[in-house]
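Spelled out, the chains give:
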Amino acid sequence: KKIIEKLEEIGEKQDIILVIKGDFIDIESVKNLKKYGKKTIAYFNDNTKRCPKIINVIPHFDEVFSFEKEDCKKYNLKFATNWIYNNSTSNNNKFEYQVFNIISKDKRVSILSKIANNLKLNDISYKIFVYDKNCKKKTPTIEYINKHIPLSEVEEYINKTQVLLDVNRKGQIGLTFRVFESLGLHKKLITTNSDIVNYDFYNPNNILVIDEKKPIIPPSFFEKEYEKIPDNIFKKYTLNGWIENVIYNSGTKFN
């Protein structure tokens, strides 16, 4: 593994150069990638409404994938979801919390507050963190923090939790990594993203879709165990499945 700080360090011409979040790269540098790769591919897991710079760099890649269906239609992009990055399931059946979520402070906090209120009303145990570096606020339902929690500690909370919570951003229907985290760990999911019902892994036993304006989380959702999804579907969303879709089905021929 080699960290490349300058394009010249790439060396011999590559078959493919894959760029994730290429809107952070200036257009001239994107154009220069073609000198070092037979084909350049970009993948975006943000939408153009939130990150308009994406629109500027799209024409300068040979092929572009997005997790946002509307962007795929509008800009003639190819569709690819995020992927399962962790499938190290545990045998922990004694959960400290029924629901867990951690986000940075943004417009989703008001939705998260409604969800927390409903959880508390139904006597459902949960742990919800909101990171705010200027944190001074305290509420009876959400724990505000002003220091980042180490990833290892976040993983401990997830391991001790029965169900993960996903709150998507307004105007975004692309599935977040939290969705694929739940798939990989074989944990149930509560989400505000109604488009999730259109995916082949959707199972109402495993995934509860809630209304962000009036979230209702019935205690009965926690009573049944997670139902394993078929292996052929699961494999599509692993990193290997993602590579198969984005790289090997991209039309590029390898020698």
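A. Representation of the pairing of strand S5 (residues 97-104) in the model. Strand direction decides the pairing type here: S5 and strand S8 (residues 161-166), joined by three bridges, are parallel. Counted as the bridge partner of Phe100 is Leu164 from S8. On the question of chirality, the crossover connecting S5 to the parallel strand S6 (residues 126-131) by way of helix H4 (residues 109-121) is right-handed.

B. Quick peek at the pattern of salt bridges. Within this structure, the stated rule accounts for 18 salt bridges. Two residues, Asp23 and Lys21, come together in a salt bridge whose shortest N-O distance is 3.8 Å. Owing to a relative accessible area of 9%, Asp23 belongs among the buried residues under this scheme. The salt bridge involving Lys105 is made with Asp132; its shortest N-O contact spans 3.6 Å.

C. Up close: the sheet that holds strand S10 (residues 207-209). Pairing is parallel in the open sheet, where six strands are placed in the order S7-S6-S5-S8-S9-S10. Looking at which strands have only one partner, the edges of the open sheet turn out to be strand S7 (143-145) and S10. Ignoring strand direction, the axes of neighbouring strands in this sheet form an average angle of 25°. As paired strands, S8 and strand S9 (residues 188-191) are joined by four bridges and run parallel to one another. Across the sheet, residue Leu165 finds its bridge partner in S9, namely Ile190. This element, helix H6 (residues 177-185), spans S5, S8 and S9 of the sheet and lies at about 155° to S8.

D. Structural context of empty space enclosed by the protein. Under the definition given, this model contains one cavity of 30 Å³ or more. Approximately 60 Å³ is the volume attributed to the largest cavity. Taken together, Val179, Ser182, Leu183, Lys187, Lys188, Leu189, Ile196, Phe201, Asn206, Ile207, Tyr226 and Ile229 make up the lining of the largest cavity. Broken down by secondary-structure element, the contributors of at least two residues to the lining of the largest cavity are H6 and S9. In terms of residue count, H6 provides more of the lining of the largest cavity than any other element does, three residues in total. Residues belonging to the lining of the largest cavity are distributed by class as follows: eight nonpolar, two polar and two charged.

E. Structural view of the sheet that holds strand S4 (residues 78-79). Strand order in the open sheet formed by four strands is S1-S2-S3-S4, and the pairing between neighbours is parallel. A strand with exactly one partner marks an edge of an open sheet, and here the two such strands are strand S1 (14-20) and S4. Pairing of strand S3 (residues 63-66) with S4, which is carried by two bridges, proceeds in the parallel orientation. The residue of S4 that forms the bridge with Phe65 is Lys78.

Cut-offs applied
- Counting restarts for each chain: residues are numbered from 1 in the order of the written sequence.
- Reporting of local features is limited, given that this is a predicted model, to residues whose pLDDT is at least 70; pairs of side-chain atoms are given and counted only at 80 or more, and all residues count toward the totals for whole chains, interfaces and linings.
- The side-chain numbers reported here are obtained from all heavy atoms of the structure, hydrogens and water having been left aside.
- Should DSSP find at least two bridges between two strands, the strands are regarded as paired.
- A run of H or I in DSSP becomes a helix once it reaches four residues, and a run of E becomes a strand once it reaches two; helices and strands are each numbered from the N terminus.
- With the strands aimed away from the viewer, a crossover counts as right-handed if its path from the first strand over the helix to the second runs clockwise.
- By convention in these notes, a salt bridge is any Lys or Arg side-chain nitrogen within 4 Å of a carboxyl oxygen on Asp or Glu.
- Only protein chains enter the area calculation, which uses a 1.4 Å probe; residues under 20% of their type maximum are buried, those over 50% are exposed, and those in between are partly exposed.
- Axis lines are fitted to C-alpha atoms, over the contacting stretch for helices. Their N-to-C directions set the angle, which ranges from 0 to 180 degrees.
- When checking whether two residues touch, look at their non-hydrogen atoms; a contact exists if any pair is within 4.5 Å.
- A 1.4 Å probe that fits into a set of points on a 1 Å grid over the protein atoms alone but cannot get out defines a cavity; an open set with protein on both sides within 12 Å along at least five of seven lines defines a pocket, and lining residues are those with an atom within 4 Å of a point.
- Grid points are joined across faces, edges and corners, and a volume is the space filled by probe spheres set on the points.
- Residue classes follow a fixed rule: Ala, Val, Leu, Ile, Met, Phe, Trp, Tyr, Cys and Pro count as nonpolar, while Asp, Glu, Lys and Arg count as charged, and any other residue, Gly among them, counts as polar.

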